[in-house]
Amino acid sequence: FWIDRETFVLRRMEYPAEPLAAQLDPEGGLESLTLVAEMRDAVLNADLSSERFGFDVPDEAQQVRRFVLPPEPLASSLYGQRPADFYLTDLEGNRISQQQLLGRPAVLTWFNLHPASESCLQELSRLQQQHFPADSTTFMAVCTEPTSVSNRQLRQWSARHNLAMPVVRDLAAFGRDVFEIPGAPTMVVLDEQGIVHFFQVGMTADFVEELTEVLHGLQIGDNPAARRLALAEQQRQQYEQELSEVLQPLDPQRPPGT
């Protein structure tokens with residue numbers, strides 16, 4: 001902490017960079033990293049006029065008596081749809097087309113060489129080995145790393161982490177352009193017809209349970225995507241109803257921002 005000796009204002013903070021360096025560069029190749037916050041024009045106990053806290057309500061705004069939080073949006077607009085054409089490439093250089101994935105559910109997990117992705121894939125490998133053999137469900141780990149990471153390195157990495165599923169590559173960035181995947185790890189479940197039924201960005205405490213439920217549902221002919229879309233619509237309608245109950249008409253006599 002860099003504190004002004006006369007005004008006692010915090011001017012600068014230097015954060016410990018070791019945890020960040022470990023996340024950004026798990027292989028240890030990063031030579032130096034600093035993380036600094038500069039408090040520009042910071043002051044303490046400044047006089048602030050009441051106008052500083054005023055707020056002009058926009059014409060299109062709606063005033064409410066209390067907050068009503070909207071429901072969480074779906075993780076993907078692809079729920080219940082078949083994505084556009086895509087292909088993956090195995091570590092021998094062979095293309096795996098979208099058509100080749102049809103016929104059984106497929107769990108595709110986009111990953112990078114980061115501890116979060118490693119933990120996710122290890123959890124999925126255990127799930128695959130215990131409940132979903134290869135003849136019933138296809139599991140694939142889809143690498144997003146650039147080709148500077150060689151296929152040989154990926155084989156070694158996979159063996160080191162005891163992955164039961166094959167590692168493939170997304171060399172044409174279909175994860176970005178077709179699936180609109182925002183980051184790794186991201187899991188996508190396709191049914192035997194290639195329709196998206198599950199889309200999970202990152203790891204949550206119960207993602208294995210949710211994924212298991214979806215896969216078991218597909219095995220018995222259920223439609224998890226339809227149920228997820230119906231729940232989202234129900235939540236939207238409930239939000240609209242609650243919002244209508246707390247709306248209040250704009251008062252032209254009320255001062256702005258009150």
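Residues numbered from 1 in each chain as written. Predicted model: local features only at pLDDT ≥ 70, side-chain atom pairs only at ≥ 80, totals over all residues. Heavy atoms only, no water.

**Quick look at the sheet that holds strand S3 (residues 35-38)**
Working step 1: Across the sheet, three strands lie side by side as S1-S2-S3; this open sheet has antiparallel pairing. Only two strands of the sheet have a single partner each, and these edge strands are strand S1 (2-3) and S3.
Working step 2: One ladder, built from two bridges, connects S1 with strand S2 (residues 10-15); its direction is antiparallel. Bridging across to S2, Ile3 finds its partner in Leu10. (Pairing = 2+ DSSP bridges. Helix = DSSP H or I, 4+ residues; strand = E, 2+ residues; numbered from the N terminus.)

**Regarding the sheet that holds strand S8 (residues 167-169)**
Working step 1: Taken in spatial order, the seven strands make up an open sheet running S5-S4-S8-S7-S6-S9-S10, and their pairing is mixed. Looking at which strands have only one partner, the edges of the open sheet turn out to be strand S5 (95-97) and strand S10 (196-201). With direction set aside, neighbouring strand axes in the sheet form an average angle of 30°.
Working step 2: Relative to S8, strand S7 (residues 138-143) runs parallel, the two being bridged by three bridges. Residue pairing in the sheet places Val142 in a bridge with Val168 of S8.
Working step 3: Contacts from helix H2 (residues 115-131) reach strand S6 (106-111), S7 and strand S9 (186-190) within the one sheet, and its direction differs from that of S6 by about 160°.
Working step 4: Each of S6, S7, S9 and S10 touches helix H5 (residues 207-219); the most contacted strand, S10, lies at about 170° to it. (Axes fitted to C-alpha atoms, helices over the stretch in contact; angles between N-to-C directions. Contact = heavy atoms within 4.5 Å.)

**What to know about H2**
Working step 1: With 17 residues, H2 should reach 24 Å at 1.5 Å per residue; the first-to-last C-alpha distance of 24 Å fits that figure.
Working step 2: Taken together, the buried positions of H2 are occupied by Ser117, Glu118, Cys120, Leu121, Leu124, Ser125, Leu127 and Gln128.
Working step 3: Contacts made by the buried residues of H2 are with S6, S7, helix H3 (151-160), S9 and H5. (Expected span 1.5 Å × (residues − 1). Buried < 20%, exposed > 50% of the residue type's maximum accessible area, 1.4 Å probe, protein only.)

**Comments concerning a negative patch on the surface**
Working step 1: A contiguous patch of negative charge, built from Asp206, Glu209, Glu210 and Glu213, is present on the exposed surface.
Working step 2: As for its position among the elements, Glu209 is in helix H5. (Patch = residues over 30% accessible without salt bridge, like charges linked within 9 Å, V, L, I, M, F, W, Y side chains within 5 Å. Areas by Shrake-Rupley, 256 points an atom, 1.4 Å probe, with all protein chains shown as cover. Salt bridge = Lys/Arg side-chain N within 4 Å of Asp/Glu carboxyl O. Lys, Arg positive; Asp, Glu negative; His and termini not counted. Charge placed at Lys NZ, Arg CZ, Asp CG, Glu CD.)

**Focus: the environment of Trp110**
Working step 1: Locating Trp110 in the fold gives a position in strand S6.
Working step 2: According to the relative accessible area criterion, Trp110 is buried, its value standing at 2%.
Working step 3: With 93 residues separating them along the chain, Trp110 and Met203 place their C-alpha atoms 12 Å apart.
Working step 4: If we skip the residues at most four places from it in the chain, Trp110 touches Val142, Thr144, Asp170, Gly175, Phe179, Ile181, Ala184, Pro185, Thr186 and Val188.
Working step 5: A polar contact of 3.0 Å, which involves the side chain of Trp110, links it to the side chain of Asp170. (Polar contact = N/O pair within 3.5 Å; in protein donor to acceptor, adjacent residues only side chain to side chain.)

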